[in-house]
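# Breakdown of the fold
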Amino acid sequence: MRDTVAVLRMALSAQLLVSAFLPVLMWSWHARLGRQEFNRWWVSAWTFFALFLATARLALAFPPEPSLAKSGVVLLTTLTGFLVAPLLVFGALSFRPSGTISRPLALGGLGTALALGAISFGASLQWPDPLTSFAVRHAPRTLMLAGALFFCSWVFFQRVRATRSWAALLTSGSCFVYALDQCVYTGAQFFQVFGAVTGAAGDTGRWPMVVSARLLYSDVVLTCGICLGTVLLIVEEYQRSERALLESVSRGRKVEDENTALQQEILARLQVEAHLRASEDQYRDLVEHSEDLLCTHTLDGRILSCNPAAARLLGYEVRDLLTKRVVDFLAPEVRDQFAQHISDLQRDGVASGIMKVMTRRGERRLWAFRNTLRTDGVAVPIVRGTARDITEQHQAERALRLSEEKFAAAFR
């Protein structure tokens with residue numbers, strides 16, 4: 001018994017030295033590298049584990065005889081030990097991509113752990129043998145801790161498969177071996193309780209407890225491995241967050257540059273459209289107020305467009321002209337010449353001359369025309385036509401010619 005207590009004291013002292021330093025380091029990392037939820041649960045778990053070791057070491061300093069102070073320390077040891085398992089599980093759950101711990105879940109898990117700790121402590125009071133009482137108190141705790149560590153190991157192994165993280169691999173392996181140690185402790189404690197129940201709790205029954213106590217030295221190394229892996233994971237998460245932030249800033253700047261370029265492009269396009277509208281307005285004003293004929297028509301004479309001045313000279317509205325053909329406005333004696341005109345236009349690409357047209361009131365007019373053929377940028381060739389009414393000019397020239405002839409005849 002004394003050998004077992006001495007081993008426990010030495011192992012707990014070594015493990016307490018490491019476990020008291022690592023939570024301080026982890027809390028400082030937690031404060032400097034971002035207050036992430038998963039790290040808060042893990043740091044809390046190892047803080048309570050350090051408190052558990054400290055109170056356990058303090059309990060071993062009391063004399064073997066029961067006392068109220070010793071019972072209070074043992075109760076505190078039991079309760080803090082039972083809180084470690086749910087805190088580790090919460091840390092592993094929140095470490096997963098879609099994991100989050102709600103307030104009811106956290107309160108329920110911690111409350112259940114405290115209730116189990118109180119029940120285990122009450123049950124241990126029924127056994128006068130110190131080792132058996134210790135086994136009754138801690139067998140449920142080590143069993144819960146083993147399950148929590150196995151779950152943490154599995155969660156970290158999932159991260160290893162996803163990211164090939166060495167920090168996650170170190171943490172996963174340390175948690176797995178630490179869970180195996182807890183299974184050994186649980187088996188030794190159950191063997192001790194079973195031996196006490198059956199009356200075989202002699203030296204043979206105490207042997208597993210003595211042997212398992214020596215594994216506490218390996219727990220020091222495993223605790224260092226878990227905490228070191230956890231710190232490296234915190235650093236990895238911080239670096240990942242930094243990279244994500246830099247990528248976000250880079251994307252933001254890229255979007256801002258693209259937005260600026262787009263705004264400049266829109267502004268340039270608006271300016272071009274404004275110039276185009278002004279040009280169109282000027283062209284429309286020129287066409288609509290021109291006294292000359294401006295029109296387009298197909299090769300078979302169907303009118304496609306016409307300016308208002310020409311339509312007004314013929315006595316029509318523009319919309320009326322768009323339902324007619326060119327031959328409908330030619331004088332009857334020249335309508336048969338339209339086909340030859342189109343043939344010449346297709347051959348030469350340009351044609352000019354004088355055509356006789358009839359207005360809506362039956363008045364004959366003379367128009368000097370010049371037509372060109374457009375074939376580029378259109379599905380079928382179209383004719384661009386310009387013409388000017390020269391009726392009055394022709395009549396004046398004819399009158400002048402007649403006057404000159406009369407004057408010449410009289411002179412002769």
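See above for the structure.
Now for a description of the structure that goes with this document. Just so it is clear, the model here is predicted, and its values are computed rather than measured. (Residues numbered from 1 in each chain as written. Predicted model: local features only at pLDDT ≥ 70, side-chain atom pairs only at ≥ 80, totals over all residues. Heavy atoms only, no water.)

Quick look at empty space enclosed by the protein now. Unfilled space is identified by rolling a water-sized probe across the atoms. Per the stated rule, a full pass over the model turns up two cavities of 30 Å³ or more. Roughly 40 Å³ of internal volume is contained in the largest cavity. Along the walls of the largest cavity sit Trp42, Trp46, Leu88, Cys152, Phe156, Thr171, Cys175, Ile226 and Thr230, which together make up its complete lining. Broken down by class, the residue content of the lining of the largest cavity amounts to seven nonpolar, two polar and no charged. (1 Å grid on protein atoms, 1.4 Å probe; cavity = no way out; pocket = protein on both sides within 12 Å on 5 of 7 lines; lining within 4 Å. Points joined across faces, edges and corners; volume = space filled by probe spheres on them. Nonpolar A, V, L, I, M, F, W, Y, C, P; charged D, E, K, R; others polar.)

What follows covers the packing of helix α3 (residues 68-95) against helix α5 (residues 130-163). Orientation of α3 relative to α5, taken along the N-to-C sense of each, is 20°, at an axis distance of 9 Å. Taken together, α3 and α5 sit at an angle that is classed as roughly parallel. With respect to the hand of their crossing, α3 and α5 are arranged in left-handed fashion. (Axes fitted to C-alpha atoms, helices over the stretch in contact; angles between N-to-C directions. Helix = DSSP H or I, 4+ residues; strand = E, 2+ residues; numbered from the N terminus. Parallel < 35°, antiparallel > 145°, perpendicular 65-115°, else oblique. Left-handed = near helix turned anticlockwise from the far one by under 90°.)

The nonpolar side chains of a soluble globular protein tend to be buried with one another. Leu88 and Leu149 are the most contacted members of the largest nonpolar core, which totals 33 residues. Those elements that place two or more of their residues in this core are α2 (37-60), α3, α5, α6 (166-198) and α8 (216-289). By residue number, the principal contributor to this core is α2, which donates eight residues. Core analysis: the next-biggest nonpolar cluster, separate from the first, contains 22 residues, Ile303, Tyr316, Ala331 and Val334 among them. (Core = buried A, V, L, I, M, F, W, Y, C linked by side-chain atoms within 4.5 Å. Buried < 20%, exposed > 50% of the residue type's maximum accessible area, 1.4 Å probe, protein only.)

With respect to topology, five strands assemble into an open sheet ordered β2-β1-β5-β4-β3, the strand pairing being antiparallel. The open sheet has two edge strands with one neighbour each: β2 (303-306) and β3 (350-358). Looking at each pair of strands side by side, their axes are set apart by 25° on average, direction ignored. Summarising the sheet, strand β1 (residues 293-298) and β2 pair through three bridges and their orientation is antiparallel. Bridge pairing links Cys295 to Cys306 in β2. In this fold helix α11 (residues 338-348) packs onto β1, β3, β4 (364-374) and β5 (382-389), with an angle of close to 30° to the strand it touches most, β4. (Pairing = 2+ DSSP bridges. Contact = heavy atoms within 4.5 Å.)

Attention now moves to the pattern of salt bridges. For the structure shown, the criterion picks out seven salt bridges. Two residues, Arg364 and Glu333, come together in a salt bridge whose shortest N-O distance is 2.5 Å. Here Glu333 lies in the loop between α10 (318-321) and α11 and Arg364 lies in strand β4, a separation of 31 residues in the sequence. We classify Arg364 as partly exposed; its relative accessible area is 45%. The partner of Arg365 in a salt bridge is Glu392, and the shortest N-O contact between them spans 2.8 Å. With a gap of 27 residues between them, Arg365 in strand β4 and Glu392 in helix α12 (residues 391-411) connect regions that are remote in the sequence. Given the relative accessible area of 15%, Arg365 is considered buried. By sharing partners, the salt bridges in this structure join Arg361, Glu363, Arg365, Asp389 and Glu392 into a single network. (Salt bridge = Lys/Arg side-chain N within 4 Å of Asp/Glu carboxyl O.)

This part takes up the layout of surface pockets. Here the second largest pocket defines a volume of roughly 420 Å³. If you trace the second largest pocket, you find 23 residues lining it, with Val326, Leu330, Phe338, Met355 and Phe369 closest to the centre. The set of elements that each furnish at least two residues to the lining of the second largest pocket consists of β1, β2, α11, β3, β4 and β5. Per-element accounting of the lining of the second largest pocket gives the leading share, four residues, to β3.

This next bit is on the packing of aromatic side chains. Following the criterion strictly, the structure yields ten aromatic pairs and no others. Consider the rings of Phe49 and Tyr178, whose centres lie 6.5 Å apart with planes at 85°: the pair is edge-to-face. Here Phe49, found in helix α2, pairs with Tyr178, found in helix α6; they are 129 residues apart in sequence, far enough to count as distant. With respect to burial, Phe49 and Tyr178 carry one shared label: buried. Pairwise contacts between aromatic rings join Trp46, Phe49, Phe52 and Tyr178 into one cluster. Over the ring of Trp41 we find Arg40; its NZ or CZ atom is 5.9 Å from the centre of that ring. (Phe/Tyr/Trp six-rings, centres within 6.5 Å; stacked < 30°, edge-to-face > 60°. Lys NZ or Arg CZ within 6 Å of the ring centre and 35° of its normal.)

What follows deals with a nonpolar patch on the surface. A surface patch of nonpolar side chains, amounting to about 230 Å² of accessible area, comprises Leu170, Leu228 and Leu232. Structurally, Leu170 can be placed in helix α6. Looking at Leu170, the relative accessible area reads 32%, which means it is partly exposed. (Patch = residues over 30% accessible without salt bridge, like charges linked within 9 Å, V, L, I, M, F, W, Y side chains within 5 Å. Areas by Shrake-Rupley, 256 points an atom, 1.4 Å probe, with all protein chains shown as cover.)

Within the secondary structure layout, Val221 lies in helix α8. Assessed through its relative accessible area of 59%, Val221 is described here as exposed. In this structure the C-alpha to C-alpha distance between Val221 and Tyr178, which are 43 residues apart in sequence, comes to 9.5 Å.

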